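Observations on the model geometry
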Amino acid sequence: MASGMEQFQEKARQALAVARTQTVRVAGVAWTKMVALYRRGHAHLMTLPPVRRALVLGLWSFLALLALLVAYMLLLIPLTPSIHDLRQARAAAPSTMVSADGKELVRFDQGLQERVTLQQISPNVISALISTEDHRFYDHHGIDFTRTAGAILHSARGNPQGGSTITQQLARNMFPEEIGRSRNLNRKLKELITALKIEATYSKTEILEAYLNTVPFLYNTYGIEMAARTYFDKPASRLDILESATLVGMLKGTNYYNPVGNPERSLQRRNVVLGQMRKHDVIDEARYKQLVKRPLRLHFERQSERAQSDSHFTAYVRKWLIDWADENDYNLERDGLVVHTTLDHDLQQAAERAVERQANALQAIADVEWSRAGVPSSTSTGMYAGMQAGSVAFDYFWKSHPGLLDSFVRESADYRKLTAAGGTPDEALEKLKGDRAFMAALRKSKTRLEAGFTAMDPATGAVRAWVGSRDFAREQFDHVAQAARQPGSTFKPIVYGAALEKGLSPDHVYRDAVMDIKAADGSKWRPTDMSGTTGRDMTMRDGLVYSKNTITAQVMQDVGLPPIIKLARALGIRDSKLEKVPSLALGTSPVTLLEMVNAYASIAAQGEARMPFVVTHITDREGKIIARFGDAKPQRAMKAESAATLTDMMRGVIDRGTGTAIRSRFGIRSDVAGKSGTTQNNADGWFILMHPELVGGAWVGFNDARVTMRSNYWGQGGHNAVLVVGDFFKTALDTGKIARDAIFPGGKPPAPLRHVEPVEEPQDEPVEEPGDLLQEGAPPAPLAMPAEAADGQEAHGKACRSQPRRRHLRRRRNPPQHPCRKADGQGLAPVPN
């Protein structure tokens, strides 16, 4: 065998040597012939008279260059757009994003564009275009050699002129990246080849239609239809001859001949177009002389950007989708994809209305409470709405916090610009404080209450509603997925869930008493409850129902921090950092609302965790599914029995704990469970509600945590964020989007409520207050929105630390009787370190 292989290798080497020898021989012969031919040609050339010799040499050089040019063009053919690309480009359509029930949410247009047929465009436009840009349009096949030669001659004389036909211009518009933008021979050749392909593929009518629908006209508008609406506030079908000439005149240089910014140039260019129309007998001399005397009349109306239809949800999906399209080689502006999202249109509308209504009501409360030294005492939002018009919003807040206002000024981009320009800090501060418009805007932005809400299907992880702020147009910062805030007591179910996983019974007893807890670094932490302690025994179940910090801290000690953090990660808090400090159990580590709702959805799904997803599938222009999402298998985060028990404990929060407003104010009698949350100094209000078919949660607060709700009553998540959640779920139940009779495993329908009071809260309801939560090493209360960077853009700034203060520990039975903190305003908000 070895001998046979050696023989084969030897024969292969011999054959290779023979082939190499023959190749060298052939090449040598060819070279010899070329040299001989060159010598004979050169000898013959030298026998010619000098003049004739120069002519022959010039002809040979021209033919050689022409041959090289043809060869180069042949090489460029496969590098220019193919016939398939042309057909795809002509059929280009923007991708759309739709809700789960098929309603369009947003389009991925290339700027503002609306395609129309040639029949929907005024004949005046077509006549002006052909007369000015390409009067032999119907006679050539993509290239006007006469015009091209003329352009070359003019350019050689120092008067550059364009020689492109309409078809060549269309090639540039359709394939700007493939053809390029540089003024060089390579681009012109690609443009020429593509124009020939376009002419071979489409009719003249189709070429005109495609051109007029893709040409840019400034102000982010594309195509003649949007240009007609922008500059003359009418459709393209109604453009008269002067208006048509004005728009066609812009094509030579849209910015240079912009009728808005450069009316004189635009008028001159319009008259040039009219002159071309006269030259090619579109209009007669008398008509021409009459028209050129007319003034430039515009009815400029900048079109609304379609991006304004964006929401926090569509902005979130758009960002993800752009990355997906790049990875999978799709063009969202041209491929006509349909992105099917998980959003339920009706539930989204309900969420937006709930955020708008209830945030406005809470804004009125904050405005009125901070307008005066004495605080009104009412559990009715209507009373504050009636007082808002007669109050100077936050007037007392600013008077009682003069140092804080100075801090806000110093943290502004305007202040940094002034100091960077050479002004002293005192001068910059004084100048800005003397600027009434600046100070008014600063006060208004700092005291604008914000809210976020999201809801998801616990059975699938599909996000059904998403509202990132009160007004997307005003506030693009997303309080669902971007803002990380301390969750307060909404984190406690995770602590109790870890206890159940460890084997502790919900009836396990703890003493309701203040005690010192030693942290890993040796520091001591003493968690308290604002309502005080009883010194009595209390079950773990009641510790969660009444949101007792003292009980939760003891549960944390028995369970340990690692199991709590592990469960939090498994349930859905995957991105936010969770500090390994005892106060974590009381919700001092900032998280996002999306993470918290995801965690509660995992509990509601009997301990099965699913990643939240926002797109179900994507289809192409023919309706074929090209990608599916959301079909990942759930991961077991906690035992089903533990999740069922925890859900039952959280039912108690709604029936007799800090979430009773769900039943008393909104009359919801379905099988629901949930938890409220409040952080230090009422900086954050949270409420998350679980229904067997939907889990939703809200955060309420100010972007700057140093501004808070004033009264302890309205500062609680069980009184502020619960309004948004209750409003949403009431609508969802009333409209049948979720079933009234749906029941969690092992649950039963609540007993009928004899009387529902939709306005006032019960006077003896349990009170949830943060107490003294913070400890050394625990994360400070964060800002919901990052502070301004030096360039005025948002950047993630360092959060400020809340300043805990000692308070009297006593049981509060009648919250409205003690609605506010000290009237002098001391200790009302954290101050910067």
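Residues numbered from 1 in each chain as written. Predicted model: local features only at pLDDT ≥ 70, side-chain atom pairs only at ≥ 80, totals over all residues. Heavy atoms only, no water.

**Quick notes on the sheet that holds strand β16 (residues 625–628)**
Through backbone hydrogen bonds, the strands of a sheet pair up, either in parallel or in antiparallel fashion. Taken in spatial order, the 5 strands of this open sheet run β2-β1-β5-β15-β16, and their pairing is mixed. Every other strand in the sheet has two partners, leaving β2 (104–107) and β16 as the edge strands with one partner each. Ignoring which end each strand starts from, the neighbouring axes of this sheet average 20 degrees apart. Pairing between strand β5 (residues 338–341) and strand β15 (residues 615–619): 4 bridges, direction antiparallel. Paired with V338 across the bridge in β15 is T619. (Pairing = 2+ DSSP bridges. Helix = DSSP H or I, 4+ residues; strand = E, 2+ residues; numbered from the N terminus. Axes fitted to C-alpha atoms, helices over the stretch in contact; angles between N-to-C directions.)

**Focus on the pattern of salt bridges**
Counted by the stated rule, this structure contains 33 salt bridges. For R526, the salt bridge identified is with D516, shortest N-O distance 2.8 Å. Of the two residues, R526 is situated in the loop between β11 (524–525) and β12 (537–539) and D516 in the loop between β9 (509–511) and β10 (517–518); the sequence distance between them amounts to 10 residues. Exposure remark for D516: the relative accessible area of 41% places this residue in the partly exposed category. A salt bridge links D529 to K548; the nearest nitrogen and oxygen atoms lie 3.7 Å apart. (Salt bridge = Lys/Arg side-chain N within 4 Å of Asp/Glu carboxyl O. Buried < 20%, exposed > 50% of the residue type's maximum accessible area, 1.4 Å probe, protein only.)

**Focus on the sheet that holds strand β19 (residues 684–691)**
Reading across from one edge, β7-β6-β20-β19-β18 is the order of the 5 strands in this open sheet, with antiparallel pairing throughout. Each end of this open sheet is capped by a strand with a single partner; those strands are β7 (463–467) and β18 (673–678). With strand direction ignored, the average angle separating the axes of adjacent strands in the sheet is 5 degrees. Note that strand β6 (residues 449–456) and strand β20 (residues 694–702) share 8 bridges and pair antiparallel. Following the sheet pairing, L449 is matched in β20 by F702. Packing against the sheet, helix α15 (residues 345–369) makes contact with β6, β7 and β20, and its axis sits at approximately 30 degrees to β7. (Contact = heavy atoms within 4.5 Å.)

**Side note on the environment of E133**
For E133, the position within the fold is in helix α4 (residues 123–133). By relative accessible area, which is 9% here, E133 ends up buried. Along the primary structure E133 and K252 are separated by 119 residues, whereas in three dimensions their C-alpha atoms are 8.8 Å apart. For E133, the side chain forms a polar contact with the side chain of Q169, separated by 3.0 Å. (Polar contact = N/O pair within 3.5 Å; in protein donor to acceptor, adjacent residues only side chain to side chain.)

**Structural notes on the packing of helix α6 (residues 166–174) against helix α9 (residues 204–214)**
Here α6 crosses α9 at 50 degrees, and the two axes come no closer than 10 Å. As judged from the angle between their axes, α6 and α9 are oblique. Seen from above, α6 lies across α9 with left-handed handedness. Contacts between α6 and α9 pair I166, T167, Q169, L170 and N173 from the former with I207, L208, A210, Y211 and T214 from the latter. Along the lines of polarity and charge, the residues of the contact of α6 with α9 split into 6 nonpolar, 4 polar and no charged. (Parallel < 35°, antiparallel > 145°, perpendicular 65-115°, else oblique. Left-handed = near helix turned anticlockwise from the far one by under 90°. Nonpolar A, V, L, I, M, F, W, Y, C, P; charged D, E, K, R; others polar.)

**Quick notes on a nonpolar patch on the surface**
On the surface, V260, L298 and F300 cluster together to form a nonpolar patch covering roughly 200 Å² of accessible area. As for its position among the elements, V260 is in the loop between α11 (241–250) and α12 (263–279). (Patch = residues over 30% accessible without salt bridge, like charges linked within 9 Å, V, L, I, M, F, W, Y side chains within 5 Å. Areas by Shrake-Rupley, 256 points an atom, 1.4 Å probe, with all protein chains shown as cover.)

**A few points about the nonpolar core**
F491, Y496, V555, I573, L646 and M690 are the most contacted members of the largest nonpolar core, which totals 75 residues. At 9 residues, helix α26 (residues 593–604) tops the list of elements feeding residues into this core. Not counting the four nearest positions on each side in its chain, F491 is found in contact with I564, A568, I573, L578, L584, A585, G587 and M596. Membership of the second largest hydrophobic core comes to 59 residues, among which are Y396, L405, Y415 and L449. (Core = buried A, V, L, I, M, F, W, Y, C linked by side-chain atoms within 4.5 Å.)

**Points about the layout of surface pockets**
When its volume is computed, the second largest pocket comes out at roughly 960 Å³. Together, 37 residues line the second largest pocket, and Y316, W466, L594, P612 and V614 are the ones closest to its centre. Elements that contribute at least two residues to the lining of the second largest pocket include exactly α14 (312–327), β7 and α26. The greatest single-element share of the lining of the second largest pocket, amounting to 6 residues, is contributed by α14. (1 Å grid on protein atoms, 1.4 Å probe; cavity = no way out; pocket = protein on both sides within 12 Å on 5 of 7 lines; lining within 4 Å. Points joined across faces, edges and corners; volume = space filled by probe spheres on them.)

**Considering the packing of helix α22 (residues 492–502) against helix α24 (residues 549–559)**
Between α22 and α24, whose axes approach to 10 Å, the crossing angle comes to 40 degrees. As judged from the angle between their axes, α22 and α24 are oblique. The two elements α22 and α24 meet at a crossing, and its hand is left-handed. Between α22 and α24, the contacting residues are K492, V495, Y496, A498, A499 and K502 on the first element and N549, I551, T552, V555, M556, D558 and V559 on the second. Taken together, the residues of the contact of α22 with α24 sort by class into 8 nonpolar, 2 polar and 3 charged.

Taken by themselves, the reported measurements are silent on function.
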